[in-house]
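Secondary and tertiary structure notes
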Amino acid sequence: MSGLSWIRGVNGTLGWVAPQWVANRMRQLFMTPRELPPRDWELPLLARAERLTLRFGLSALRWGQGPTVMLMHGWEGRPTQFASLVDALVTAGYTAVALEGPAHGRSPGDEANVVLFARAMLEAAAELPPLRAVIGHSMGGASAMLAVQLGLRSETLVSIAAPARILGVLRGFARYMGLPPRARSAFIRQVEKDVGMRAASLDVAQYQLDMPGLIVHAEDDRFVPVQESELIHQAWFDSRLLRLSEGGHQRVLADPRVVEAVLALVTGLHLQARQSA
């Protein structure tokens, strides 16, 4: 029996008789990221980075000189996963600042969630020059859209492989871990108490996204269904949707079509501003 099958079996049994206990254990698991080392192809970019320590100990990596683009990785992710995008942005004359989310890398904390990521982005933006663009991958994309609702200002926004509804993420995790109904409900309530917001309110359909944007998703993404990108696109009037037939959840970050689309959005806005001045 695999480890996951054993956990599901335990959850399926104890979840009926001790739903709160099981829910708390799964909440801890859900919010505690593992520290995964960078891949070999990430190391050259890491070696060229300037490390920043922002307010409250938040850690970030910076490359290049010029207008600032802020990047936020996903769950258990790293700034250097944006290597292709960072190289392209620096070559095009931008400063790329990639954050290490709470409880990731050298940033403080033991637990993380989408709200903590969003607040970290707000804290970082307060110390950085005006943002030309914000780019978020997976949970980082969901956090970026939430951060805009909390006051983050940027000329444009890019969401890559992000979920549209956090409630769907919670329900999916609960089903995956084999939680019976009472434990599943208790798990969601405990997460809501921790983050200080109702999961149902963390839904792009309720957001106001009033800047130009780009939404990227691969159809073979096994972690976040591609249909989530359609929901984001429907809620975001001034957005372009780029759907790729392949690229999975991670490889999409290095796809040349994604890099080209991001640069077109970021530099295109700048050219429009110059032409209208």
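Structure's up top.
The text that follows walks through the structure, step by step, so that each part is easy to find. The structure displayed is predicted, hence computed values, not measured ones.

**Section: the nonpolar core**
Of all hydrophobic cores here, the largest spans 58 residues; its most connected members are Met70, Leu99, Met145, Leu157 and Phe187. Those elements that provide at least two residues to this core are α2 (19–31), β3 (68–72), β4 (95–100), α5 (114–125), β5 (131–137), α6 (139–149), α7 (166–176) and α8 (181–195). When residues of this core are assigned to their parent elements, the largest contribution, eight residues, is made by α5. Other than its neighbours up to four places away in sequence, Leu99 contacts Leu54, Leu58, Ser59, Ala60, Met70, Leu71, Met72, His73, Pro79, Ala120, Met121 and Ala124. Counting 31 residues, the second-largest nonpolar core is a separate cluster that includes Leu61, Leu71, Ala88 and Tyr94.

**What about helix α9 (residues 227–235)?**
Within α9, the full set of buried residues consists of Glu228, Ser229 and Ile232. Taken down its axis, α9 places every buried residue within 100 degrees of arc, on the same side. Projecting away from the buried face of α9 at angles above 90 degrees are the exposed residues Gln227 and Gln234. Summarising the contacts, the buried residues of α9 are in contact with α6, β6 (157–160), β7 (213–218) and β8 (239–244).

**Things to note about the pattern of salt bridges**
Side chains that differ in charge, positive against negative, can pair when their charged atoms come close. Counted by the stated rule, this structure contains 14 salt bridges. Of the charged contacts in the structure, one is a salt bridge between Glu219 and Arg243, with a shortest N-O distance of 3.4 Å. Highlighted residues: Glu219 in the loop between β7 and α9 and Arg243 in strand β8, separated in sequence by 24 residues. Classification of Glu219 as partly exposed rests on a relative accessible area of 44%. Residue classification places Arg243 among the partly exposed positions, given a relative accessible area of 34%.

**Thoughts on the sheet that holds strand β1 (residues 50–53)**
Reading across from one edge, β1-β2-β4-β3-β5-β6-β7-β8 is the order of the eight strands in this open sheet, with mixed pairing throughout. Lying at the two open borders of the sheet, with one neighbouring strand each, are β1 and β8. Taking each pair of neighbouring strands and ignoring which way they run, the sheet shows an average axis angle of 20 degrees. With respect to the sheet, α6 is in contact with β3, β5 and β6, its orientation differing from that of β5 by roughly 135 degrees.

Quick notes on the rules
Residues numbered from 1 in each chain as written. Predicted model: local features only at pLDDT ≥ 70, side-chain atom pairs only at ≥ 80, totals over all residues. Heavy atoms only, no water. Core = buried A, V, L, I, M, F, W, Y, C linked by side-chain atoms within 4.5 Å. Buried < 20%, exposed > 50% of the residue type's maximum accessible area, 1.4 Å probe, protein only. Helix = DSSP H or I, 4+ residues; strand = E, 2+ residues; numbered from the N terminus. Contact = heavy atoms within 4.5 Å. Arc of directions from axis to C-beta. Salt bridge = Lys/Arg side-chain N within 4 Å of Asp/Glu carboxyl O. Pairing = 2+ DSSP bridges. Axes fitted to C-alpha atoms, helices over the stretch in contact; angles between N-to-C directions.

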